[in-house]
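Structure assessment
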Amino acid sequence: MNENNKYILEAENINKHFEGLHIIKDVSLKIKSGEFVVIHGKSGSGKTTLLSLLSGLEKADTGSIILNKNNINNQTEEELAKTRRQQFGFVFQSFNLLSNLTAIENVMLPLLPITKDISNLKNSSLDIMKYIGIDHRKDHLPSKLSGGEKQRVAISRALINNPQILFADEPTGNLDSTTGKAVIDLFLRLKNERKLTIILVTHDQEIVKLADSVIEIKDGEIVC
Amino acid sequence: MNTIFLKAEFFRNISSRIYSILFLALAICFFVSFNTFIDGYFQTALLPLKNIDAHLVIKKSMSNNLTTEMKGIRLPFSNDIFSENEISTIKKFSLIHEINSALLLWDMDQGKFRTILGTNFNKIKSWISTGKYPYSESEIALEKHFAKFYQLKIGDSFKINGKIFSITGLIEIKEGGQLAAANIYMPLNTAQKLFSSDAINTQNLLYLKLNQNEKAEMLKDDILKIFPYLKITSSDSILESSVGMIVIAKKFSFFISTLTLLFAFAIIIKTMMFSIHERTHDIGILKAIGWTNNEVKSQIFTETFITALTGCFVGIIFNLIILYILSFIPINIQDTSEILPSSASSFVVEKNGMTLPFTIKWKLYLYAFIATIMIGVITGKIIIQKILKIKPSEVLRRI
Ligand SMILES: Nc1ncnc2c1ncn2[C@@H]1O[C@H](COP(=O)(O)OP(=O)(O)OP(=O)(O)O)[C@@H](O)[C@H]1O
Ligand SMILES: [Mg+2]
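Owing to the predicted nature of the structure, the values given are computational and were not obtained by experimental measurement.

This part takes up the overall build of chain A. A tally of helices and strands in chain A yields 7 helices and 10 strands. Buried positions account for 54% of the 224 residues belonging to chain A. The contacts of chain A with a sequence gap of at least 6 include a subset with a gap of at least 24, amounting to 69%.

This next bit is on the overall build of chain B. Secondary structure assignment for chain B yields 13 helices and 13 strands. Counted over contacts in chain B with a minimum sequence separation of 6, partners at least 24 positions apart contribute 80%. Accessible surface, chain B as shown: approximately 19000 Å² in total, 61% of it carbon and sulfur.

Glancing now at the interface of chain A and chain B. Counting residues at the interface gives 30 residues for chain A, matched by 27 residues for chain B. The largest per-residue losses of area from chain A upon contact with chain B belong to E78, L98 and N100 of chain A, which jointly make up 22% of the total buried on that side. For the interface between chain A and chain B, the tally reads 2 salt bridges. When the shortest N-O distance is used, the salt bridge between E295 of chain B and R85 of chain A registers 2.6 Å. The interface formed by chain A and chain B includes 10 residue pairs in polar contact (both at pLDDT 80 or more). When residues of the side of chain A that touches chain B are traced back to their parent elements, those giving at least two are α1 (47–54), α2 (77–87), β6 (88–92) and α3 (103–108) of chain A. Partitioned by chemical class, the residues of the side of chain A that touches chain B number 15 nonpolar, 7 polar and 8 charged.

On to the nonpolar core. Ranked by internal contacts, the top residues of the largest apolar core, which has 106 residues, are L9 and F187 of chain A. The leading source of residues in this core is helix α10 (residues 244–288) of chain B, at 11 residues. Discounting chain neighbours no more than four positions away, the residues touching F187 of chain A are V91, I155, L166, A168, P171, I198 and L200 of chain A. Counting 28 residues, the second-largest nonpolar core is a separate cluster that includes I38, A45, V57 and A102 of chain B.

We now examine the site of ligand 1. Of all residues adjacent to ligand 1, which total 13 residues, the nearest are S43, K47, T48 and T49 of chain A together with R397 of chain B. Surrounding ligand 1 is a set of residues that belongs to chains A and B. Within the backbone of G44 of chain A, one N or O atom sits 2.8 Å away from an oxygen atom of ligand 1. In this structure, an oxygen atom belonging to ligand 1 sits 3.0 Å away from a main-chain N or O atom of G46 of chain A. Out of a free accessible area of 630 Å², ligand 1 has 71% covered by protein chains.

All names here are of chain B. Of note in the backbone geometry, D53 takes a positive phi value of approximately 55 degrees without being a glycine. Turning to its location among the elements, D53 is positioned in the loop between α3 (47–51) and β1 (56–60). Owing to a relative accessible area of 34%, D53 belongs among the partly exposed residues under this scheme. Look at N161: it is not a glycine, yet its phi comes out positive at around 55 degrees. The class for N161 is partly exposed, based on a relative accessible area of 47%.

Residues and elements named next belong to chain B. Across the 6 residues that make up strand β10 (residues 205–210), a large majority, 5, are buried. Taken together, the 3 bridges between β1 and β10 define a ladder with antiparallel strand orientation. When the sheet's bridge partners are listed, L56 is paired in β10 with L208.

In this section: the packing of helix α5 (residues 147–159) of chain A against helix α6 (residues 177–194) of chain A. Residue and element names in this part refer to chain A. Contact geometry for α5 and α6: axes closest at 10 Å, N-to-C directions at 20 degrees. As judged from the angle between their axes, α5 and α6 are roughly parallel. Crossing handedness for the pair α5 and α6: right-handed. For the pair formed by α5 and α6, the contact residues are G148, Q151, R152, I155 and L159 on the first element and T179, A182, V183, L186, F187 and L190 on the second. Residue composition of the contact of α5 with α6, by class: 7 nonpolar, 3 polar and 1 charged.

Another point: the confidence of the model for chain B. Residue and element names in this part refer to chain B. The predicted model of chain B has a mean per-residue pLDDT of 82, with 87% of residues at 70 or higher. This model gives residues 339–352 a pLDDT under 50, and the stretch forms 28 contacts once residues within four places in sequence are excluded. This complex was scored by the predictor with a pTM of 0.75 and an ipTM of 0.95.

Okay, α5 of chain A next. When the terminal C-alpha atoms of α5 of chain A are compared, their 18 Å separation across 13 residues agrees well with the 18 Å that a helix rising 1.5 Å per residue should span. Residues of α5 of chain A that are buried include every one of G148, E149, Q151, V153, A154, I155, S156, R157, A158 and L159 of chain A, and no others.

Once that is clear, we can look at the sheet that holds strand β8 (residues 197–202) of chain A. Residue and element names in this part refer to chain A. Taken in spatial order, the 6 strands line up as β6-β7-β8-β3-β9-β10 in an open sheet, and their pairing is mixed. If you trace the sheet from one side to the other, it starts and ends with β6 and β10 (221–222), each paired once. Two strands pair when backbone bridges link them, and β6 and strand β7 (residues 165–169) are joined in this way by 5 bridges, in the parallel orientation. In the sheet register, G89 faces β7, and the bridge partner there is L166.

All names here are of chain A. A sheet is described by the order of its strands in space; here 4 strands give the open sequence β2-β1-β4-β5, paired in antiparallel fashion. Each edge of the open sheet is held by one strand with a lone partner, namely β2 (21–32) and β5 (70–71). Strand direction decides the pairing type here: strand β1 (residues 7–18) and strand β4 (residues 62–67), joined by 5 bridges, are antiparallel. If you follow E12 over to β4, its bridge partner there is S64. Packing of α1 onto the sheet brings it into contact with β1, β2 and β4, and relative to β2 it is tilted by some 55 degrees.

Proximity of charged atoms lets side chains of opposite charge pair with each other. A complete count under the given rule lists 21 salt bridges over all chains for this structure. In this structure, R137 of chain A engages E149 of chain A in a salt bridge whose closest nitrogen and oxygen atoms are separated by 3.2 Å. Highlighted residues: R137 of chain A in the loop between α4 (118–132) and α5 and E149 of chain A in helix α5, separated in sequence by 12 residues. For the pair R137 of chain A and E149 of chain A, one class covers both residues: buried. For E137 of chain B, the salt bridge identified is with K193 of chain B, shortest N-O distance 2.4 Å. Of this pair, E137 of chain B sits in the loop between β5 (128–131) and β6 (139–143) while K193 of chain B sits in helix α7 (residues 188–195), and the two are 56 residues apart along the sequence. What makes K193 of chain B partly exposed here is its relative accessible area of 44%. Connected via shared salt-bridge partners are K16, E58 and D61 of chain A together with K391 of chain B.

Rules used throughout
- Residues numbered from 1 in each chain as written.
- Chains lettered and ligands numbered in written order.
- Predicted model: local features only at pLDDT ≥ 70, side-chain atom pairs only at ≥ 80, totals over all residues.
- Heavy atoms only, no water.
- Helix = DSSP H or I, 4+ residues; strand = E, 2+ residues; numbered from the N terminus.
- Buried < 20%, exposed > 50% of the residue type's maximum accessible area, 1.4 Å probe, protein only.
- Contact = heavy atoms within 4.5 Å.
- Areas by Shrake-Rupley, 256 points an atom, 1.4 Å probe, with all protein chains shown as cover.
- Buried area = accessible area lost by both parts, 1.4 Å probe.
- Salt bridge = Lys/Arg side-chain N within 4 Å of Asp/Glu carboxyl O.
- Polar contact = N/O pair within 3.5 Å; in protein donor to acceptor, adjacent residues only side chain to side chain.
- Nonpolar A, V, L, I, M, F, W, Y, C, P; charged D, E, K, R; others polar.
- Core = buried A, V, L, I, M, F, W, Y, C linked by side-chain atoms within 4.5 Å.
- Near = heavy atom within 4 Å.
- Pairing = 2+ DSSP bridges.
- Axes fitted to C-alpha atoms, helices over the stretch in contact; angles between N-to-C directions.
- Parallel < 35°, antiparallel > 145°, perpendicular 65-115°, else oblique.
- Left-handed = near helix turned anticlockwise from the far one by under 90°.
- pLDDT = per-residue confidence, 0-100.
- Expected span 1.5 Å × (residues − 1).

Written as structure tokens, this is what we have:
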């Protein structure tokens, strides 16, 4: 691996303001492919905002975000949507499953509009759910699942497009410690077995210890 | 648009759509039912004229009616004999295609009251259900129910004013046929002789058929200018006298029902808006995980459209049920110009109890359908504007 494609994602001097407040202040960072990166900081420090900028959910006011040599901060809304669909997977603290869809339908969801062969999509969804260990709940609606099960469905959904980077914002925030630990173990397994790059936001010190690299953020600035 | 997603969102979450569907269904049902009802009422009201194949029916009220003796053969209160001048003047109007005349008589026989119509009007002759229409001076036909009541049949003899007649046929009065309703039918000159041996050309009912249908009211006005005392029944006069409210309703029916539709649409847009508001979170998630605006738009647009179409479909079903029920309800359309002796009501031929001829009005369904498409498109467009504004990062921030 040469120096150039060692980094899968780079942020260069990104800034973000909300309602006149400077939330992300001139942040630059580089993320290596296949790493388990943790963004850590106090509440309100700007972790979620930074994650949104890196994942193209939000656009930085200035600066660039380079994904495989492309500056995604220049992309239009439609292009960003495609980038997210093709390159990224998302896991959130509050699971964000669609309540009217079954577990497997939720997993299929990101690719539904662009898939002709639905049964094929169903099969690959089921494979992922098996891998994640949630296939036995595939036909249940989210309301029938426990928090840990919901998060496993959400992780399966994040993997359906075979992403390069998995973004997770406090994925254990709504889970008890045992379940939370199982989810983190799952992330580590994904990193090891699938060489997935994981960028995870947390304020949990235990998780920080497991990271390959840590981005410490304070008042919108990286402190180490 | 994706069917898995559509099925899930539409059927598993039908409760959130039920108001939109019901509102639209009720509005469409009202729109179609109301217009069909008004239309049906009109058709029914016009049956009396249609069934005697005439545009105008003319008669002349008696000036001193109640003083005359209530015995034997006499003229009805509302049917005085036309003068030669009246008839010849009316005949001169070029708009008239055909005139048929009749002599309507009352026969007060030992406390029994019956009506006699003398005419050679082919249309009335065609009402014969069994036997044949009388043509000789000693023949008559009886109205079916009347004959049945007295257990009379063809070939029996029947006495009127001391004179013996033989029954040659039974007449079945067409629905709404009150403009030519009687108990006993006979050729015009038989009736004329019955009324008075020296009367030559006595007539007290004229059935006018015109060249041009739509000129009826004009001709009526023209005749009334010359003979203001004549009573002329036209389609308008039937409608005005018997169904005044309906006439007003008819004038505004399209307006009223369109207003209802618009009102319903406003509510539907509101409920759909609300449901989009509820789904902002879902839409934010879809966008976050990579759905493009177009994909979300077409999905939501299809949902809206199917909701609207379901509403339309349910509305039409409601309408069919209502029409079915209404078709059993008899309505009364009366010719109020008719005055009868109070003792007479029992034997005046059954003329009420018509039911409305409800027919399925494809045109109205088409209107309703077009309106539905419009509402679907309009709400869809508004919703799409809303969808465009939803930012995934903001939605995800809310828990
Ligand atoms: N869309 C927005 N509009 C206004 N202010 C915002 C917006 N998004 C974030 N902020 C503000 O930016 C700051 C950082 O928010 P952010 O959510 O990134 O913090 P965080 O580190 O994720 O906090 P937490 O640990 O509580 O999730 C906060 O003060 C927040 O109020
Ligand atoms: Mg946060």
